[in-house]
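Take a look at the letters that make up each chain.
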Amino acid sequence: MELFKPMDNLEENKDTQKTGEKIEKVKCLILGSGPAGYTAAIYAARANLRPVMYEGLQPGGQLTTTTEVENFPGYPSGITGPEMMQDLKKQAERFGTDVRFGLATAANFSTLPHKVTIDNKTVIEADTVIIATGATARYLGLDAEQKYAGSGVSACATCDGFFYKGKDVAVVGGGDSACEEALYLSNLCNKVYIIIRKTFMRASKIMLERVTNKGNIEILYEHNTKDLFGDGVVEGAVLIKKKGTPEEEEVRIKIDGFFLAIGHVPNSEIFKDYLERDETGYVKTLPDTAKTNVPGVFACGDIQDSRYRQAVTAAGSGCRAALDAERYLSEKVV
Ligand code: NDP
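Note that this is a predicted model, so its numbers are computed, not measured.

(A) Here's a closer look at the packing of aromatic side chains. Counted by the stated rule, this structure contains five aromatic pairs. Geometrically, the ring pair formed by Phe109 and Phe271 is stacked, given 5.9 Å between the ring centres and 5° between the ring planes. Taken together, the residues Phe109 in the loop between strand 7 (104-108) and strand 8 (114-118) and Phe271 in the loop between strand 19 (264-266) and strand 20 (297-299) connect sequence positions 162 residues apart. For Phe109, a relative accessible area of 6% corresponds to the buried category. Put simply, the rings of Phe109, Phe271 and Tyr274 pair up and form one aromatic cluster. If you follow Arg46 out to its NZ or CZ, it ends over the ring of Phe95, 4.9 Å from the centre. The ring of Phe229 carries the charged tip of Arg252 above its face, separated from the ring centre by 4.8 Å.

Written out as structure tokens, the structure reads:
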């Protein structure tokens, strides 16, 4: 099969100088290099859209911080997150995707073609933009979270829960995500603590009922995490009960896994002047499509999905975004 030519051979990708800014024109610009971005790239490249991808701050996305991925179809023995992302990158490049290191720092979707600034200096003019910049899990900000990253600290129970089979773990957070993570873990682990800083959970009633009815979930209300301890791996957490009150006391729990479920922040800030977002910053797409409110701009992966947030669902949405971009371009050229 003949592969597509590299981007620098293409007429429309020649750099032009305009008022000192470096401007480049492309048909399809993809921002972000998680499963959504790479899948969009594979489809866009095979449709001859000659995509240019900017990888963003964390090439490979959130999966590169996961150890083993065991739930992505097609890998019966599992695969590490970084390896999987390398494979996806190779597959996208095989069809001619121009993968570049760089971060989108500004966007202007007010006129056609759309403009995206990379690293505050290069302006890309794009007929279509596929946004796959993902979301970032919130952490508490403890030094211990970095110290034990991949060694007991995780922000994804579905990804890492299996490694704690039969063990005791804790989930921080009182929203629906925390309940969902705790319920998932409760089917694998011996015991699951939910650590909540307030006297109540903000989760929906039904989720609250489910966690309350699970025999191996213990809810620790009015507890804040102070630190984690362990020799190389997490062996326990130091909590402060009733912080700032006369009854304040330090509590230690023995756990092997510490899961954060205190929310995600979608990486959508630079698009906020143009794209419709929900109240938490997730980009809204039109029902059953990857189309945003701006024609020619598409969103896929975690930036538009607060619900599933799985590699496989992100990949599926990346495919939809590329197909929508391809159709948009073919409808424009009469
Ligand atoms: P939420 O914002 O709903 O909840 C975050 C939780 O983390 C809150 O309990 C909050 O506590 C706690 N928290 C935040 N910062 C800290 C901190 N520094 N220390 C301790 N605790 C902290 O996020 P979710 O991810 O749970 O949910 C996001 C959205 O997605 C919601 O609308 C939710 O309903 C939805 N969702 C729906 C699901 C479903 O329908 N199955 C599954 C998962 C999510 P506090 O209350 O004290 O602020």
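Still more to cover.
(B) Representation of the state of the cysteines. Taken as a whole, this structure holds one disulfide when the rule is applied. Residue pairing for Cys156: its cysteine sulfur links by disulfide to Cys159, the two sulfurs lying 2.0 Å apart. Taking the torsion about the S-S bond as the criterion, the Cys156 to Cys159 disulfide, at about 75°, is right-handed. Cysteine Cys300 shares no disulfide, and the gap to the nearest cysteine sulfur, in Cys28, comes to 9.8 Å. Judged by its relative accessible area of 0%, Cys300 is buried. Free cysteine Cys319: the closest other cysteine sulfur is in Cys300, separated by 9.9 Å. The exposure class assigned to Cys319 is buried, which follows from its relative accessible area of 16%.

(C) The pattern of salt bridges, seen in detail. For the coordinates displayed, the defined rule picks out 11 salt bridges. Of the charged contacts, one joins Lys242 and Glu222 as a salt bridge, the two residues approaching to 3.4 Å between their closest N and O atoms. Remark: Glu222 occurs in the loop between strand 14 (217-220) and strand 15 (223-229) and Lys242 occurs in the loop between strand 16 (236-241) and strand 17 (249-254); sequence separation between them is 20 residues. The class of Glu222 is partly exposed, set by a relative accessible area of 23%.

(D) Main features of the sheet that holds strand 12 (residues 168-172). With parallel pairing, five strands are arranged side by side in an open sheet as 11-18-12-13-14. Across the chains shown, the open sheet's two edge strands, defined by having one partner strand only, are strand 11 (153-154) and strand 14. In terms of strand pairing, strand 13 (residues 191-195) meets strand 14 through four bridges, oriented parallel. Note that in strand 14 the partner of Ile194 across the bridge is Ile219.

What counts, and at which threshold
- Residues numbered from 1 in each chain as written.
- Predicted model: local features only at pLDDT ≥ 70, side-chain atom pairs only at ≥ 80, totals over all residues.
- Heavy atoms only, no water.
- Phe/Tyr/Trp six-rings, centres within 6.5 Å; stacked < 30°, edge-to-face > 60°.
- Helix = DSSP H or I, 4+ residues; strand = E, 2+ residues; numbered from the N terminus.
- Buried < 20%, exposed > 50% of the residue type's maximum accessible area, 1.4 Å probe, protein only.
- Lys NZ or Arg CZ within 6 Å of the ring centre and 35° of its normal.
- Disulfide = S-S within 2.5 Å.
- Salt bridge = Lys/Arg side-chain N within 4 Å of Asp/Glu carboxyl O.
- Pairing = 2+ DSSP bridges.

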